[in-house]
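Architecture and fold: a report
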Amino acid sequence: MKIGIDKIGFYAPDMYVDTEDLAHARGVEPGKFTVGIGQEKMAVAPKTQDAVTLAANAANNILTKEDIESIDYIIFATETGIDHSKAAAIYVQRLLGLNDYARSIEVKQACYSATAGVQMARGHIALNPDSKVLILASDISRYGLKTGGEITQGAGAVAMVISADPHVLAIEETSVYKTEDAMDFWRPLYSDYAYVQGKFSVDQYINFFQDLLDRYKEKTNRTFKDFSSILFHLPYTKMGLKALKSTLEHADEEDRERLLTNFDVSKRYNAIVGNIYTGSLYLSLLSLLERNTTINEGERVGLFSYGSGSVGEFLTGIVQPNYKDHLFTDQHDAMLNKRQKISVEQYEEMYEDKIPAGEGNVELDASNDPAPIRFTGIKEHMRQYENVSI
Ligand code: COA
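Residues numbered from 1 in each chain as written. Predicted model: local features only at pLDDT ≥ 70, side-chain atom pairs only at ≥ 80, totals over all residues. Heavy atoms only, no water.

Quick look at the UniProt feature "binding site: substrate" (unreviewed entry) in the protein chain
Applied cut-off: UniProt positions are given in the numbering used here, feature names are shortened, and annotations may be inferred rather than shown by experiment. A helix here means a DSSP run of H or I that spans at least four residues, while a strand means a run of E at least two residues long, and both kinds are numbered starting from the N terminus. The buried label goes to any residue with under 20% of its type's maximum accessible area, the exposed label to any with over 50%, and the partly exposed label to all in between, with areas taken from a 1.4 Å probe on protein chains only.
Here the UniProt-annotated "binding site: substrate" (unreviewed entry) positions come out as Gly148. Tracing the backbone through its elements, the reader meets glycine 148 in the loop between β6 (132-141) and β7 (154-164). On the basis of relative accessibility, which here comes to 76%, the residue glycine 148 falls in the exposed class.

Thoughts on the sheet that holds strand β16 (residues 362-363)
Test applied: Two strands qualify as a pair provided DSSP detects at least 2 bridges between them. Any pair of residues with heavy atoms lying within 4.5 Å of one another is described as a contacting pair. For helices, the axis comes from a line fit to the C-alpha atoms of the stretch in contact; other axes are also lines fit to C-alpha atoms, and the angle between any two N-to-C directions lies between 0 and 180 degrees.
Taken in spatial order, the three strands make up an open sheet running β16-β17-β18, and their pairing is antiparallel. One side of each edge strand has no neighbouring strand; the edge strands of this open sheet are β16 and β18 (382-387). The sheet contact formed by β16 and strand β17 (residues 373-379) spans two bridges and is antiparallel. Bridge pairing in β17 links valine 362 to isoleucine 378. Sheet contacts for helix α3 (residues 51-60): β17 and β18; angle to β17, the most-contacted strand, approximately 150 degrees. Packed on one face of the sheet, helix α5 (residues 88-95) meets β17 and β18 and runs near 35 degrees to β18.

Some points on the domain arrangement of the protein chain
Put simply, the test is: As annotated, the domain borders come from an automatic or database domain assignment. Defined here as a combined quantity, buried area equals the accessible surface (1.4 Å probe) lost by two parts on assembly, summed across both. Just to be clear on terms, a salt bridge is a Lys or Arg side-chain nitrogen sitting within 4 Å of an Asp or Glu carboxyl oxygen. In this count, Pro and Cys sit with the nonpolar residues alongside Ala, Val, Leu, Ile, Met, Phe, Trp and Tyr, while Asp, Glu, Lys and Arg are called charged and the others, Gly among them, polar.
The domains assigned to the protein chain are domain 1 (3-168 + 327-387) and domain 2 (171-323). Computed over C-alpha atoms, the centres of domain 1 and domain 2 are 20 Å apart. Contacts between the two partners involve 59 residues from domain 1 and, on the opposite side, 50 residues from domain 2. Regarding the contact of domain 1 and domain 2, the summed buried area is about 4400 Å², with carbon and sulfur atoms giving 57% of it. Considering only the surface of domain 1 that becomes buried against domain 2, Cys111, Tyr112 and Tyr143 emerge as the three largest contributors, covering 14% of it. Between domain 1 and domain 2 we count three salt bridges in total. Glutamate 40 is the partner of arginine 268 in a salt bridge, and the nearest nitrogen-oxygen pair spans 3.3 Å. Mapped onto the side of domain 1 that touches domain 2, the elements with two or more residues apiece are β1 (3-11), α2 (30-37), β3 (41-44), α6 (113-127), β6, β7 and α12 (329-337). Each residue belonging to the side of domain 1 that touches domain 2 can be placed in one class, and the counts come to 28 nonpolar, 22 polar and nine charged.

Let's talk about the nonpolar core
Rules: We define the nonpolar core as a collection of buried residues of types Ala, Val, Leu, Ile, Met, Phe, Trp, Tyr and Cys that are connected through side-chain atoms lying within 4.5 Å of one another.
The biggest cluster of nonpolar side chains holds 82 residues, and the ones touching the most others in it are Phe10, Leu134, Ile162, Tyr282 and Leu285. In terms of residue count, the dominant contributor to this core is β7 (eight residues). If you count residues domain by domain, this core takes at least three from each of domain 1 (3-168 + 327-387) and domain 2 (171-323). Once residues within four sequence positions are removed from consideration, isoleucine 162 is found in contact with Ile3, Gly4, Ile5, Val118, Ala121, Ile125, Lys132, Val133 and Ile135. One finds Ile37, Leu259, Val344 and Tyr347 within the second-largest nonpolar core, a separate group that totals 39 residues.

With respect to the site of the ligand
Let me state the cut-off plainly: One heavy atom within 4 Å of a molecule or strand makes the whole residue count as near it. N or O atoms closer than or at 3.5 Å make up a polar contact, with two conditions inside protein: a donor-capable atom paired with an acceptor-capable one, and, for residues adjacent in sequence, both atoms drawn from side chains. Cavity and pocket criteria rest on a 1 Å grid covering protein atoms alone: a 1.4 Å probe that fits but cannot get out defines a cavity, protein on both sides within 12 Å along at least 5 of 7 lines defines an open pocket, and an atom within 4 Å of a point defines a lining residue. Whether a molecule sits in a cavity or pocket is decided by its atoms, more than half of which must lie within 2 Å of the grid points.
Around the ligand lies a shell of 20 residues, among which Lys32, Gly148, Lys199, Lys238 and Lys242 are the nearest. Interatomic distance of 3.4 Å between a backbone N/O atom of glycine 31 and a nitrogen atom of the ligand. Lysine 199 places a polar side-chain atom, nitrogen or oxygen, 2.5 Å from an oxygen atom of the ligand. Comparing atom positions with the cavity grids shows the ligand to sit within the second largest pocket. At the level of elements, α2, α7 (198-220) and α8 (237-247) are the ones that each hand at least two residues to the shell around the ligand.

Have a look at this one:
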């Protein structure tokens, strides 16, 4: 039985900072951010968007009534969740009116956890072929103003429906994975900002990719010829490019050109949204599927998932017939084109304007937020949300 991605959607908040403006404000040569890091725009979340609303907005437009009835497992992958105890999936379940007879949970392992979710979903569908699983990968990336990691921030969410006989990408059985205790990136419970050993995280990521690709090749006897594209978790787009190039040294010219060309297509959305942590790899997949003009049914795509700390996995999928008919390209184009550019000063002001920790009652004015699903405040320590599309 084929199991995989039947639908895939995403949501990014309606504001962004231009990375050239950020470079000027930080006294950095713009080429460092646009070429050296490979980022053009960085999505900025308003106060009325959090991991829950970003995920709910990503899923809102892709689910039919039939999906809403069939989904019986909601897996929310995040590292910027809103509660130490209650799963963010439960809020989304209510906001979207999903079936009560569903299992709703949250999973964590830095940027890797959505892939754990995909594998959990595959197991669930294998046992229950008529059901569907909703995977939500949603985050707001924050390293702090004027830090080395500032340019690698962003915000957004990817939503995927995993089912039998998927219309978009069938996930193949063989994958290889690895865990190693490393402190390349982490965020202690008391901190709003991530801690990162930047250069070490890049080395760790590249070493994981090389190791897992070798292991996969050994296990399957496949070579670059068997892949139309290899996609990456992209905290910033240059990171994936460095990892890919590090393995292409001995590749033949045709393989090298194909993989680099398709990588270029796959980084498009990531370059204009920024780092969305758990959803980043799947945003890159979406970018490839929606923006390419050459990939045909039956072609194999490799996906390198990485979460600092560190867990990595190399998995693969086969592109399905008429997959383009099952994407939401026009909707995503419209959403991205409607976004407003804000100044670095506005971004800094929004960044500092936080709800103080422990505040039990807050009212937010969400009337300027064009997203249908919004965070509207806190009452007696309970977060309040609204969905104005129903
Ligand atoms: N034009 C073009 N490229 C330029 C440039 C210019 N004017 N100026 C610098 N660059 C290039 C550098 O050569 C370098 O390229 P390379 O990586 O191919 O060597 C790149 O820009 C980055 O420069 P560097 O001096 O290494 O940047 P930095 O010290 O500010 O650190 C990061 C960059 C990515 C390490 C830092 O932003 C960070 O820590 N980010 C978070 C890391 C992360 O997300 N880890 C994720 C865990 S998965």
